[in-house]
Amino acid sequence: MANEVRKGIVTAVHGAKAGHPGGSLSAADMFTFLYFEEMNIDPKNPDMENRDRFVLSKGHTAPGLYSALAHRGFFPVEDLPTLRHLGSYLQGHPCIHIPGVDMSSGSLGQGISAAAGMAMGAKLDDKEFRVYTLLGDGELQEGQVWEAAMFAGHRKLDNFCVIVDNNNLQIDGPIDKVCSPYPIDKKFEAFNFHVINIDAHDFDQIRNAFAEAKETKGQPTCIVMHSVKGKGVSFMENNAGWHGKAPNDEEYAQAMADLEKIGAELEKAGE
């Protein structure tokens, strides 16, 4: 399914002739796990009161979120190529009117604050839902991220899970060359987070991390997922140039061929 989500990402960005494939592809496994296994959600009742909430703090990777939502049944997969088109409901950043989207986002640093507020609201109202938010590692250069982290740690929001997509690349290049946020894990620990480091493309590690997060009491959890930008598409992998660029027709054909090959290998392996 994660491979199908990746196909949807590439198709959406190609259809838009704009967008952000690199960071969408690096987070595709996480999107897939959240929407197909982890979160308490119902595509037939997207506004269910006690649903788990997800906020895409790195909102420019909306193609990844949209593809996961579409494949999960929140809206038709056939609508993905309308991304960013005039009149389409699938705009370049998540909007709350889209089925399954819990928060409009895209201005970096703000999504984690909204998510922390949701988690605090759940505590105040004695609700059992959990709140998840996904940040980019370059996004950690925003000061508001750390204000939200300080709040969440101080309030002991153990219903709150922050996920950092640590692919080490942002639009201007390697994050440690632009403005290093390292060590990411130690910084979140300093704000009273339980921190787990994982391989972003290993579903066993992903599954175990979320189980550990649920078992953690008295503090929020941060999952630092070490990922490959552009994962699954040979010419996009570890290439900062594909942070915010759409493939042309020839590149689209190559990308889809790469993903079809992966799909065939997975099918052969029984996965």
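Residues numbered from 1 in each chain as written. Predicted model: local features only at pLDDT ≥ 70, side-chain atom pairs only at ≥ 80, totals over all residues. Heavy atoms only, no water.

Brief notes about the side chain of His243
Move 1: Summarising the element assignment, His243 is placed in the loop between β7 (221-226) and α10 (249-268).
Move 2: By relative accessible area, His243 is classed as buried at 12%.
Move 3: Within the structure, His243 has its side chain in polar contact with the side chain of Lys229 (distance 2.7 Å).
Move 4: Every residue in contact with His243, bar those within four places of it in the chain, is listed here: Gly19, His20, Pro21, Gly22, His60, Gln170, Ile171 and Lys229. (Helix = DSSP H or I, 4+ residues; strand = E, 2+ residues; numbered from the N terminus. Buried < 20%, exposed > 50% of the residue type's maximum accessible area, 1.4 Å probe, protein only. Polar contact = N/O pair within 3.5 Å; in protein donor to acceptor, adjacent residues only side chain to side chain. Contact = heavy atoms within 4.5 Å.)

A word on the nonpolar core
Move 1: Residues Leu34, Tyr35, Phe54, Phe75 and Phe210 are the most contacted members of the largest nonpolar core, which totals 40 residues.
Move 2: No other element matches the six residues that helix α4 (residues 62-72) contributes to this core.
Move 3: Excluding anything up to four places from it in sequence, Phe210 contacts Met30, Phe33, Leu34, Glu38, Tyr132, Cys161, Ile163 and Ile223.
Move 4: Grouped together as the second largest cluster of nonpolar side chains are 27 residues, Val55, Met118, Trp146 and Val224 included. (Core = buried A, V, L, I, M, F, W, Y, C linked by side-chain atoms within 4.5 Å.)

Notes on the side chain of Gln170
Move 1: Along the chain, the position of Gln170 falls in strand β4 (residues 169-170).
Move 2: Judged by relative accessible area, Gln170 falls into the buried class, the value being 11%.
Move 3: There is a polar contact of 2.7 Å between the side chain of Gln170 and the side chain of Gln141.
Move 4: Contact partners of Gln170, with chain neighbours within four places excluded, come to Gly138, Gln141, Ile175, Val178, Lys229, Ala240 and His243.

What to know about the packing of helix α1 (residues 2-16) against α4
Move 1: Two numbers describe how α1 lies on α4: the axes approach to 8 Å, and their chain directions differ by 125°. Relative to α4, the element α1 is oriented oblique. The handedness of the crossing between α1 and α4 is right-handed. For the pair α1 and α4, contact is made by Glu4, Val5, Gly8, Ile9 and Val13 and by Pro63, Gly64, Ser67, Ala68 and His71, respectively.
Move 2: For the contact of α1 with α4, the residue count by class is five nonpolar, four polar and one charged. (Axes fitted to C-alpha atoms, helices over the stretch in contact; angles between N-to-C directions. Parallel < 35°, antiparallel > 145°, perpendicular 65-115°, else oblique. Left-handed = near helix turned anticlockwise from the far one by under 90°. Nonpolar A, V, L, I, M, F, W, Y, C, P; charged D, E, K, R; others polar.)

Topic: the packing of α1 against helix α3 (residues 28-38)
Move 1: With their axes 9 Å apart at the nearest point, α1 and α3 run at an angle of 120° to one another. Of the possible angle classes, the one that applies to α1 and α3 is oblique. At the point where α1 passes α3, the crossing takes the right-handed sense. Contacts between α1 and α3 pair Ala2, Val5, Arg6 and Ile9 from the former with Ala28, Asp29 and Thr32 from the latter.
Move 2: When its residues are assigned to classes, the contact of α1 with α3 shows four nonpolar, one polar and two charged.

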